[in-house]
Amino acid sequence: MHFFYAILSIAQFATVLHVYTMGLLSEGSPLSWEETKKLADHVREHGINQFINLYHRLKDRQGDILKWGDEVEYIIVKFDDEQKVARVALKAKDLLEKLNEKELADPKNVKSLWRPEYGAYMIEGTPGKPFGGLMAHFNLVEANMRYRREEVTELLGSDECVMSITNFPRLGSPNFTYPLAQPHPEDPLSSARSLYFPDEAIFPGHPRFKTLTRNIRKRRGEKVSIKLKVFKDVKTKLPVEGAPPGEPDVVLLDAMGFGMGCCCLQLTFQACNITEARRLYDQLAPLCPIMLALTAASPIYRGYLTESDCRWNVISSSVDCRTEEERGLTPLKEQKFRIAKSRYDSIDSYLSPEAAKYNDVPLTYDEDVYQRLIEGGIDHLLAQHVAHLFIRDTVSLFSEKVHQNDEEDTDHFENIQSTNWQTMRFKPPPPNSSIGWRVEFRPCEAQISDFENAAIVCFVVLLTRVILSYQLNFLTPISKVDENMQTAQKRDACRSEKFWFRKSSKSTEQRAAQAANGTRNGNGITTNGINGTNGNATANGNGILKEENGHAKTPVMTNGTSKPMNGHGINGQASMNGSGADSDEHTDTDDEENELFQLLTINEIFNGKPNVFPGLVPLIRSYLQSMEVDTDTHCTIEQYLRFIQKRAAGELITTATWMREQVLNHPDYKQDSVVSDQINYDLLKRIQRIQEGKHIEPALLGQLNHSKTKTKDFIPPALQKQLAKNGCCEEK
């Protein structure tokens, strides 16, 4: 999920859109930790050289069109209907061999792409082709997700199921795998040496996964320690089994697999240039904890109900390779830095000039690396960002990748970049490819149904268009974003907690109103998305804009801020300098008024609070008023927005809250916080029926059958004809 390959065609773009969670999957022979440690400075030095060279080759790249795609991770579950037990099925390697046959035979025309994940029971699916600037592309997402699920299901036994759940509830409990596998914590050859998570549950098809597990443990100097507070019910037994001394109410997890064995929903967007990528990175970062709370889906770990609703801190701790010195537990002697966070956590600094004043948390970075970047022509904000990433050591290195050509290769840079797993990722173009500058949005938890996952994906993509079109400003001090990240993971945070959020400004309100009315302001800003239309355009039933001269125009979402009146913004070329560091395109004109931040509920953030913030959903609806959308796509988007609104308002509950209620109300539940095999089996069986559309769960999805969206796996022929004319998702 975190590294684009080189692409030209649509299918190739989708291939690179898949970026492995564990970083770039290089082929070769993994080095031992002792060998890797000796080469840490070598990787760091050459990685910086590679970034500087790449930056100068591509900093002036302009005009890339909007391309985007989702990544959904799945767990394979095997049911024992006789014993009423559900286990994870360790068959990802065999499944992937079959799933990849279509791609190998016809890589340009596959509808889905499949890649490995950390768990031997996990797979990741992405669309075979990227989605682009047509509004009609929003109507393809859910259909493609359904296709992926059906494609896997065809290869499974009648007692198996593919599930888009964030965490298997009894992961790490006795006998949770099929075939049965037992942990061997005393075995010196074991990668995890876990008390609960056997090495057999780690994907066996590539050495990187076990190598990362072993090296993170060895660099840290001990096993990872993931601590979750147990949900204390009236009969909860303390201490919890395996609780650390002095912490009787802690559910302890001790292996990388407890975090990286979780599933998530991620998106990647291609920006028109580096300026837009930096802006999107910054503007989306404050929304990461908000979306994490909205998508909360993982309240159960190692068979216990916990006080957490989300996976984030679990994964953060699962790959925390910081030593005791770096964690501040002992004085610095062998290490250079005290490091505040794990290498998997929320971002630590903004990248755009207008956001610099909100970098209010001291940033730890390597001064030597920073100076090398400055001398190499990198601006301060980007230099400190990269220098901060490079305080980390490489934790996986292959012998074949040690010596590289820094003028052409980027593997050493990506080695460090792709193992800094943050809420947002800023992604330079790969060398010698047609891919542009990208950002990756990484906080969302996987949802049960394709409808929910598609709704989240389409909502976030629409939000990026609104941010750029209305020049919205969501910038919030990093310290408050960090606070929000912790708040988002609390039990039922979506309904009961408040989050720091930026008040709206008058200029934002005015821009939204102007865009909704299709008017231009004094700077000639037009509605972003309908490329080349004028006031005489009308729409026919297919959503095609038809001008008076009879020439059809297709509704297109463009990158950039679209300023056709002054010559900028053509093909998404917003006003900027080459580096993207000194753009004068500020996102607000009345900062003095907009400096205030308030604690708002999720409902107020999404649905609005009078005189404070109009709401994310109303802003999207305002944007859509300026777009010509075909009837089916409009129907689908509207259902997604209603779903988002109702969940934010508390009318519908999060997956995490629903799962809690299923456990607490189960006849086998003993009021002891334990999720037994029977409860787990029944919970997953109900989830299976929900995702197959055989059971309507009003608390999750309302009374309406979500299968009634107008999603389809093709673009209507009338719109398809326009692809060649407007260049959306065309091969170049």
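Everything below is about the structure shown above.
The rules we used
- Residues numbered from 1 in each chain as written.
- Predicted model: local features only at pLDDT ≥ 70, side-chain atom pairs only at ≥ 80, totals over all residues.
- Heavy atoms only, no water.
- Helix = DSSP H or I, 4+ residues; strand = E, 2+ residues; numbered from the N terminus.
- Buried < 20%, exposed > 50% of the residue type's maximum accessible area, 1.4 Å probe, protein only.
- Contact = heavy atoms within 4.5 Å.
- Areas by Shrake-Rupley, 256 points an atom, 1.4 Å probe, with all protein chains shown as cover.
- Phe/Tyr/Trp six-rings, centres within 6.5 Å; stacked < 30°, edge-to-face > 60°.
- Lys NZ or Arg CZ within 6 Å of the ring centre and 35° of its normal.
- Salt bridge = Lys/Arg side-chain N within 4 Å of Asp/Glu carboxyl O.

What follows concerns the overall build of the chain. Counting secondary structure elements, the chain contains 27 helices and 20 strands. Across the 732 residues in the chain, those meeting the buried criterion constitute 65%. Within the chain, contacts between residues separated by at least 24 positions form 77% of all contacts whose residues are at least 6 apart in sequence. Element-wise, carbon and sulfur atoms account for 48% of the exposed surface of the chain, whose accessible area totals about 25,900 Å².

Those residues of helix H16 (residues 478-488) that fall on the buried side of the exposure criterion are Ile 478, Val 481, Asp 482, Asn 484, Met 485, Thr 487 and Ala 488. Looking at the buried side of H16, the elements it contacts are helix H10 (288-294), helix H11 (312-318), helix H17 (493-496) and strand E16 (498-502).

Okay, the packing of aromatic side chains next. Summed over all chains, the structure comprises 24 aromatic pairs. Above the plane of the ring of Tyr 196 lies Arg 302, whose end atom (NZ or CZ) is 4.1 Å from the centre. In this structure, Lys 480 packs its charged tip against the face of Trp 500, placed 4.6 Å from the ring centre.

In this structure, Lys 229 sits in strand E7 (residues 226-229). For Lys 229, a relative accessible area of 46% corresponds to the partly exposed category. Taking C-alpha positions, Lys 229 is 5.8 Å from Asp 249, a pair spaced 20 residues apart along the chain. Those residues in contact with Lys 229 that sit more than four places away from it in its chain are Asp 249, Val 250, Thr 306 and Glu 307.

Close approach of charged atoms allows side chains of opposite charge to pair. Taken as a whole and judged by the stated rule, the model has 45 salt bridges. Residues Glu 160 and Lys 91 are paired through a salt bridge, measuring 2.9 Å at the closest nitrogen-oxygen approach. Residue Glu 160 is found in strand E5 (residues 160-163), and its partner Lys 91 is found in the loop between strand E2 (85-89) and helix H4 (92-99); the two are separated by 69 residues along the sequence. For the salt bridge of Glu 354 with Arg 279, the shortest nitrogen-to-oxygen distance reads 3.4 Å. Taken together, the positions of Glu 354 in the loop between strand E12 (344-345) and helix H12 (367-375) and Arg 279 in helix H9 (residues 274-284) put the pair 75 residues apart, joining distant regions of the chain. Salt bridges linked by common partners bring Asp 41, Arg 44, Arg 219, Glu 326 and Asp 393 together as one network.

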